[in-house]
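Residues per chain, in single letters:
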Amino acid sequence: MTQVADSTIHLSNYSLLEESAANGHAWLRELRRAAMERFKEVGFPNSKTNEEWRHTNVAPIAKIPFKLGQQRADSTTRAIQSNFTFGEHHTAAELVFVNGQFVQELSQLEKLPRGVTIQNLDQALSQDGEGIKAKLGRYADVEKNPFVALNTGFIRDGAYIQIARSVTVDQPIHLLFISQPGHEPTVSHPRVLFIAEDNVEATIVESYVGAEGSQYFTNAVTEIVCGNDCRIDHAKLQQESLDAYHIATMQVDLGAKTTFVSHAATIGAKLSRNDLNCTMAGEHAYATLNGVVLIGGTQHCDNHTLLDHAVPNCPSHELYKHVLAGRATGVFRGKILVRKDAQKTDSKQNSKTLLLSDDANMNSQPALEIYADDVKCTHGSTIGPLDEEMIFYFRSRGISYQAARHLLTYAFAADVTRRIKVEPVRRRLEDYMARQHGLPQDLRITDLGAHDEAVL
Amino acid sequence: MGWQPVLRKTEMSLLEIKNLHAKVAGAGGREILKGVDLVINPGEVHAIMGKNGSGKSTLAQVLAGRETYEVTGGSVLYKGKNLLELSAEERAREGIFLAFQYPVEIPGVRTDYFLKAAVNAVRKHRGQPEIDSMAFINMVKEKMALLKMDKSFMARAINEGFSGGEKKRNEIFQMAVMDPTLALMDETDSGLDIDALKTVSHGANSLRSPERGILVVTHYQRMLNYITPDYVHVMIDGRIVKTGDKNLALELEEKGYDWLENDDRDAA
Ligand SMILES: Nc1ncnc2c1ncn2[C@@H]1O[C@H](COP(=O)(O)OP(=O)(O)O)[C@@H](O)[C@H]1O
Ligand SMILES: [Mg+2]
């Protein structure tokens, strides 16, 4: 099969890794081996034959000989890190990874509250705790997604976060994944396992960034497992190099009465694909999955989400906003699955896309699969250019055509970004948009949003 | 056709429309304005009345620079200069203000931010520095009081979820803030209850000044009780067919428009 040929480089990377693997517990080796077997069997997904990958062609990824990257911490790394760090006063912990491997000297793990375990995965694995053994790889399904299989085959490093019952972590836990290839394209397979016991409140942020202009491939998998009565806020910022490939799967499992809010922001990468699967496993779990995509040029971004309502009485909300400029292409596939027992499900999904050029293209598809009869599921999807009538309204007040476009674009995206509670992420997006649209840097989304006190 | 009112002679008219023709832009777009003549001098209030569909809004929009319409003939001088070669934003900066018949809702952009951007765009055009925050706030407060508006308006997204009356009030409020030289009010009275009509008309009336020209588009007479026009014009099928003083509005209220339409046809 040609697919297997395309996978050669990853198979040889795998052999190298297995030879050198120090953390060689039998269960882990088996987990990796089985996953790699699976990947060998299916190979990279083919957009012609695999419905899930119909709008995203990963053939370019398969063709590039990505090598496993080395850990490093030079001046370039530090420059990137200092650009994206939240600063020690704004994080409970910040873990920095370079090319998929933890870098202690750039990280901060000093001020962890009691009941919070945060380690890099490599270290956690070497300690071989029961928690990690019971959960790692149990949620993200290697059968469903070849990239999950590939990531699982390469589990080496990443983050392990475990929060004990009734612990509140006030500040965000920040995971910063930096890619910085040398003269050859590199691949990393970051893995995150986040476990919250009952009644935990915490914020977790994943940032994926890279050296501008460099070619690499990030293939991330994050498993988030929450007990009952938790309040978990999640944010992801993807601002990879514009020559990078970013594929990520996040698998979320929510216990009863747990509230989970996720915001995924995509700015970077030549090609990106996010699979966000959220299972409402306990009654009255409440999931909010929001996303904002700001891309242009020839960038491509594909967001697949799955809200899996497995039990009754769970609300879920979803709002995805795409702003596509240039020849950018966007894909949104939001699936709401309501299983037979999931009565009284209340699910709302909305996808809105702004096309800033005639050459940009969006494919937005809701997919409702409902097996219960007493449910409320709604979805909406709009795709279009800026409203000429709105632009004229601005112009009729003296505001230029360009400024009107910028303001309306900013406001469109701000509808999602203003909801992001993690200030450094929200700020970064605000600044990015202000720069992109030539708006004053001191302009804040909150200045535009209609949700604060008047200036009077 | 081509009947011109006897006008007070001034050095230069504020607005001078001659034989204006306009159609819906694009191939096959129908002609809507079929030769409009109108002169507005500083200090004057003009009313244009006419049935639905006669072309009143089109005239207002064309004057404001809406590109949905294409001017196919005639000329428009504003302060002696060719208005038609200015973009919509340039016209606004030069002091033309259109209070829309159907103001659009703009989610996500706060009214105060928007208004400040508008004020500063005009100031920049005049070579003035950006308005001082306190000065802006004070000016806005004063105009809000004039229109009996709650200050919470300013924090809301532009027109979003506003009632019809609130939208109209917001238009006149913006007009008061922008302090235009030529104010075009398109059916500002429709959708207003009697109290709101009084407040809004009072707000508009307070803009009367020797330098300013006001054009009120309406198809009822009632707003003209509050803003007494110097001239009343009747538009039928894209042309002004009759001009008179405020009594013409009363006559129209009483007799309707049909008698004029017949006149018009006879004359044609
Ligand atoms: N953009 C447009 N496209 C097509 N027809 C239009 C457009 N604008 C106005 N019209 C038509 O032109 C005529 C005049 O409209 P309008 O100026 O809105 O009239 P009024 O304001 O006097 O009620 C109407 O028949 C209307 O349907
Ligand atoms: Mg009209």
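Residues numbered from 1 in each chain as written. Chains lettered and ligands numbered in written order. Predicted model: local features only at pLDDT ≥ 70, side-chain atom pairs only at ≥ 80, totals over all residues. Heavy atoms only, no water.

Chemist: Give me the overall build of chain A: which residues, what numbers.
Modeler: In terms of helices and strands, chain A carries 12 helices and 21 strands. Based on the C-alpha atoms only, the size of chain A along its principal axes is roughly 70 × 50 × 50 Å. Within the span of chain A, comprising 456 residues, buried residues form 60% of the whole. Expressed as a percentage of contacts within chain A between residues at least 6 apart in sequence, the contacts between residues at least 24 apart total 83%. Total accessible area computed for chain A in this model is approximately 17,300 Å², and 47% of it derives from carbon and sulfur atoms. Taking the 46 positively charged and 55 negatively charged side chains of chain A as two groups, their mean positions are separated by 2 Å. (Helix = DSSP H or I, 4+ residues; strand = E, 2+ residues; numbered from the N terminus. Buried < 20%, exposed > 50% of the residue type's maximum accessible area, 1.4 Å probe, protein only. Contact = heavy atoms within 4.5 Å. Areas by Shrake-Rupley, 256 points an atom, 1.4 Å probe, with all protein chains shown as cover. Lys, Arg positive; Asp, Glu negative; His and termini not counted. Charge placed at Lys NZ, Arg CZ, Asp CG, Glu CD.)

Chemist: Lay out helix H1 (residues 56-64) of chain B with the relevant residues and their values.
Modeler: Of all nine residues in H1 of chain B, eight are buried, a share of seventy percent or more. Directly beyond the C-terminal end of H1 of chain B, a positive phi value near 100 degrees is found at Gly65 of chain B.

Chemist: For the sheet that holds strand E4 (residues 69-78) of chain B, give the residues involved together with the corresponding values.
Modeler: Residue and element names in this part refer to chain B. Taken in spatial order, the four strands make up an open sheet running E2-E1-E4-E5, and their pairing is antiparallel. Each edge of the sheet is formed by a strand with only one pairing partner; in this case those strands are strand E2 (31-40) and strand E5 (81-82). Two strands pair when backbone bridges link them, and strand E1 (residues 15-24) and E2 are joined in this way by seven bridges, in the antiparallel orientation. Bridged to His21 within E2 is Lys34. (Pairing = 2+ DSSP bridges.)

Chemist: Outline the confidence of the model for chain A, listing residues and values.
Modeler: Note that predicted coordinates carrying low pLDDT should not be read in detail. Residue and element names in this part refer to chain A. This prediction gives chain A a mean pLDDT of 92; 94% of its residues lie at or above 70. Contacts from residues 1-5, a stretch scored under 50 in pLDDT, to residues over four places away or in other chains number six contacts. pLDDT under 50 marks residues 450-456. Its contacts with residues more than four places away, or in other chains, come to 25 contacts. (pLDDT = per-residue confidence, 0-100.)

Chemist: Kindly report on the coordination of the magnesium ion (ligand 2), identifying the contributing residues and their values.
Modeler: Residues and elements named next belong to chain B. The protein atoms that coordinate the magnesium ion (ligand 2) are Ser57 (OG) and Gln101 (OE1), at distances spanning 2.0 to 2.2 Å. Taken together, the residues Ser57 in helix H1 and Gln101 in the loop between strand E6 (96-99) and strand E7 (106-110) connect sequence positions 44 residues apart. You can call Ser57 partly exposed: its relative accessible area is 22%. (Donors = N, O, S within 2.8 Å, 3.2 Å for Na, K, Ca; no water.)

Chemist: Explain the sheet that holds strand E9 (residues 182-186) of chain B residue by residue, including any values.
Modeler: Residue and element names in this part refer to chain B. If you walk across this open sheet you meet the six strands as E6-E9-E10-E3-E11-E12, and the pairing is mixed. The outermost strands of the open sheet, each flanked by one partner alone, are E6 and strand E12 (239-244). When the angles between neighbouring strand axes are averaged without regard to direction, this sheet yields 20 degrees. With five bridges connecting them, E9 and strand E10 (residues 213-218) associate as parallel partners. Note that in E10 the partner of Leu182 across the bridge is Gly213. Where helix H5 (residues 164-178) meets the sheet, its contacts fall on E6 and E9, and the angle it forms with E6 comes to roughly 170 degrees. (Axes fitted to C-alpha atoms, helices over the stretch in contact; angles between N-to-C directions.)

Chemist: How would you explain the site of ligand 1 if you had to name every residue and give the values?
Modeler: All names here are of chain B. Near ligand 1, the surroundings consist of 13 residues, among which Gly53, Lys56, Ser57, Thr58 and Tyr69 are the closest. Side-chain polar atom of Ser57 to an oxygen atom of ligand 1: 2.8 Å apart, as the coordinates give it. When the free accessible area of ligand 1 is taken as 560 Å², the share hidden by the protein chains comes to 67%. In terms of residues, the shell around ligand 1 owes the most to one element, H1, which gives three residues. (Near = heavy atom within 4 Å. Polar contact = N/O pair within 3.5 Å; in protein donor to acceptor, adjacent residues only side chain to side chain.)

Chemist: Just give me the short version of the interface of chain B and chain A, but keep the residues and values in it.
Modeler: Counting from both sides, the interface comprises 43 residues of chain B and, opposite them, 28 residues of chain A. For the pair chain B and chain A, the interface holds three salt bridges. Summed over the shared surface of chain B and chain A, the result is 10 residue pairs in polar contact (both at pLDDT 80 or more). When contributions to the side of chain B that touches chain A are tallied by element, the ones reaching two or more residues are H1, helix H2 (88-93), E6, E7, helix H3 (111-125), helix H4 (133-146), strand E8 (157-158) and H5 of chain B. Here the residues of the side of chain B that touches chain A sort into 26 nonpolar, six polar and 11 charged. (Salt bridge = Lys/Arg side-chain N within 4 Å of Asp/Glu carboxyl O. Nonpolar A, V, L, I, M, F, W, Y, C, P; charged D, E, K, R; others polar.)

Chemist: Give a detailed account of the state of the cysteines, specifying residues and quantitative values.
Modeler: Residues and elements named next belong to chain A. As enumerated under the stated definition, the model contains zero disulfides over all chains in all. You can see Cys230 has no disulfide; the closest cysteine sulfur is in Cys226, sitting 5.3 Å from it. No disulfide involves Cys278; its sulfur sits 8.4 Å from the nearest other cysteine sulfur, which is in Cys226. On the basis of relative accessible area, Cys278 is assigned to the buried category, the value being 1%. (Disulfide = S-S within 2.5 Å.)

Chemist: Summarise the pattern of salt bridges; cite the residues concerned and give the values.
Modeler: Applying the stated criterion across every chain, the model contains 39 salt bridges over all chains. Of the charged contacts in the structure, one is a salt bridge between Glu369 of chain A and Lys335 of chain A, with a shortest N-O distance of 3.0 Å. With Glu369 of chain A in strand E20 (residues 361-370) and Lys335 of chain A in strand E18 (residues 329-338), the pair connects residues that are 34 residues apart, well separated along the chain. Two residues, Asp179 of chain B and Arg212 of chain B, come together in a salt bridge whose shortest N-O distance is 2.8 Å. Taken as a pair, Asp179 of chain B in the loop between H5 and E9 and Arg212 of chain B in the loop between helix H6 (194-205) and E10 lie far apart in primary sequence, 33 residues in all. Here Arg212 of chain B falls in the buried class, since its relative accessible area comes to 10%.

Chemist: Before we move on, can you summarise the packing of H3 of chain B against H4 of chain B with the specific residues and values?
Modeler: Residue and element names in this part refer to chain B. Put simply, H3 and H4 touch, their axes get as near as 12 Å, and they point 110 degrees apart. The angle between the axes of H3 and H4 places the two elements in the roughly perpendicular class. Where H3 crosses over H4, the handedness of that crossing is right-handed. Seen from H3, the contacting residues are Asp112, Leu115, Lys116 and Val119; seen from H4, they are Ser133, Phe136 and Met139. Class assignment for the residues of the contact of H3 with H4 results in four nonpolar, one polar and two charged. (Parallel < 35°, antiparallel > 145°, perpendicular 65-115°, else oblique. Left-handed = near helix turned anticlockwise from the far one by under 90°.)

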